[in-house]
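Here is how the chains run, residue by residue.
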Amino acid sequence: MVARLGGDEFVALTTGSDSEREVGELAARILSVLSIPIRLDGRELTVRGSIGIVEGPTGERTAAEVLRSADITMYRAKAAGGNRYEIADAEADARAITRHGLTMALPAALERGEFFIEYQPLVHLGDGSVHGAEALVRWLHPQHGVLGPDRFIPLAEHTGLIVPLGRWVLEESVRQARFWEQQLPTHTDGGPLRINVNLSPTQLHHPGLVADTVAVLERSGLSPAALCLEVTESALIGADEDLLKPLRQLAEMGIDIALDDFGTGYSNLANLRRLPVSVLKLDRSFTQGMQQHPADPVDLKIVEGIVSLAHSLQLAVTVEGVETGAQAEQLRELGCDTAQGWYYARPGAPDRIHTLLLADAV
Ligand code: C2E
Ligand code: CA
Ligand code: CA
């Protein structure tokens, strides 16, 4: 039986075949029939399909469960490039259902104040003093406990909720930075204490970015020079002037722009000079390469090369994921300026940064 559910979605129900192989063959046949071009008004149109297969004995699941599983599996086929079929799998279904649940819960979570921020110090490699802190958002979910950003930032980005969520993170962390500044007026040797805030690609495209940022800074009284916005390298690959303009405006106000996860996105190095960035954040994968003893000499050469290129473009270099003293020493010798990682501190509550700053001041 074939039925149309609506739009471009159809359901095909078949009985008799009793193996995954047989239904797989049927799906492949459907796809190959669909792929025959259709002639319309002298033009050739091609149709593609994505199929989700649920196979099993009748009566084991309700009709609604079967349809939901088929739907989830069809979306998996689409996400894998489309024009193919996938077979339902209970684990993948469960993950999709959780993701869906989390996505639906995001707006209320923001209203109810279920998000909080942990801060991880950024340290000067030269003398180990605190240079600033990166704000990392977490979600205290009433059922699932504390969820890391990798679990919900992609979902928030997908629905657009990242814009109000990101604005909240900015507001909250700038307020916190201003508090540290007022508590510790002695932290002046290396300029103001920096607060680093992550920006997602969607926020970058949002027309309110510059105005919102200016408003947040003005309300808090924090100087623009104390703020660093982190944008991933992959978000800026191939960026045109329209996308760069807001970042340029922010940079002109004195806000630092950091290129996050640098080295993972295969960006054109010559392109760097065109970007309004003042900091390169070397991805954790470089630091991991230094775990072995002795470190791979080619890895060292690569980092050395990036550092010297960055410095010749007047960019500061921060390294991420420093987990051992040996790594820190090596990276300092290679000329990196600041570092971040478990060796210094894990992300934590704001008063931990406060304690570190007090220790520095002494
Ligand atoms: P990121 O910007 O690269 O942040 C650094 C991540 O590395 C953090 O993970 C941090 O906890 C982890 N990390 C720090 N030191 C070490 C170390 O020594 N070893 C290892 N193995 N890991 C270390 P986290 O907090 O899970 O954040 C993951 C990503 O989520 C961040 O990657 C960032 O891209 C995103 N994110 C976090 N907060 C926000 C936010 O407020 N807005 C947006 N748009 N994205 C955010
Ligand atoms: Ca970051
Ligand atoms: Ca990073």
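Quantities reported herein were computed from a predicted structural model and do not represent experimental measurements.

### What to know about the overall build of the chain
Part 1: A tally of regular secondary structure across the chain gives 13 helices and 15 strands.
Part 2: C-alpha extents for the chain along the principal axes are approximately 80 × 50 × 45 Å.
Part 3: Taken across its 362 residues, the chain has 39% of its residues classed as buried.
Part 4: In the chain, the share of contacts with a sequence separation of at least 24, taken over all contacts with a separation of at least 6, comes to 64%.
Part 5: Accessible surface for the chain amounts to roughly 19,700 Å². Of this, 54% is attributable to carbon and sulfur atoms.
Part 6: Averaging the coordinates of the 31 positive side-chain charges in the chain and doing the same for the 49 negative ones gives two points 4 Å apart.

### Here's the deal with the pairing of strand E12 (residues 256-262)
Part 1: When you tally the buried positions in E12, you get six out of seven residues, the bulk of the element.
Part 2: For strand E11 (residues 227-232) and E12, the ladder comprises five bridges, and the chain directions are parallel. Bridging from a neighbouring strand, Val 231 pairs with Leu 259 of E12.
Part 3: Two elements, E12 and strand E13 (residues 279-282), share three bridges in a ladder whose sense is parallel. Pairing of Leu 259 across the sheet is with Leu 280, part of E13.

### Let's talk about the site of ligand 1
Part 1: Around ligand 1 sit 22 residues in total, of which Gln 120, Arg 138, Asp 260, Glu 323 and Trp 342 are the nearest.
Part 2: Taking Arg 284, its side chain carries an N or O atom lying 3.2 Å from an oxygen atom of ligand 1.
Part 3: Here an oxygen atom of ligand 1 sits 3.5 Å away from a polar atom, N or O, in the side chain of Glu 320.
Part 4: Alone, ligand 1 offers 800 Å² of accessible surface; in the complex the protein occludes 84% of this.

### As for the packing of aromatic side chains
Here the distance between the centres and the angle between the planes together describe a pair of aromatic rings.
Part 1: Within this structure, the stated rule accounts for five aromatic pairs.
Part 2: Here the aromatic rings of Phe 115 and Trp 139 are separated by 5.4 Å at their centres, their planes lie at 40 degrees, and the arrangement is tilted. In this pair, Phe 115 sits in strand E7 (residues 115-124) while Trp 139 sits in strand E8 (residues 130-141), placing the two residues 24 residues apart along the sequence. When sorted by exposure, Phe 115 lands in the same class as Trp 139, which is buried.
Part 3: A ring pair is formed by Phe 115 and Phe 152, whose centres lie 5.4 Å apart and whose planes are at 50 degrees; its orientation type is tilted. Taken together, the positions of Phe 115 in strand E7 and Phe 152 in helix H4 (residues 149-159) put the pair 37 residues apart, joining distant regions of the chain.
Part 4: By relative accessible area, which is 0% here, Phe 152 ends up buried.

So, how was this worked out
- Residues numbered from 1 in each chain as written.
- Chains lettered and ligands numbered in written order.
- Predicted model: local features only at pLDDT ≥ 70, side-chain atom pairs only at ≥ 80, totals over all residues.
- Heavy atoms only, no water.
- Helix = DSSP H or I, 4+ residues; strand = E, 2+ residues; numbered from the N terminus.
- Buried < 20%, exposed > 50% of the residue type's maximum accessible area, 1.4 Å probe, protein only.
- Contact = heavy atoms within 4.5 Å.
- Areas by Shrake-Rupley, 256 points an atom, 1.4 Å probe, with all protein chains shown as cover.
- Lys, Arg positive; Asp, Glu negative; His and termini not counted.
- Charge placed at Lys NZ, Arg CZ, Asp CG, Glu CD.
- Pairing = 2+ DSSP bridges.
- Near = heavy atom within 4 Å.
- Polar contact = N/O pair within 3.5 Å; in protein donor to acceptor, adjacent residues only side chain to side chain.
- Phe/Tyr/Trp six-rings, centres within 6.5 Å; stacked < 30°, edge-to-face > 60°.

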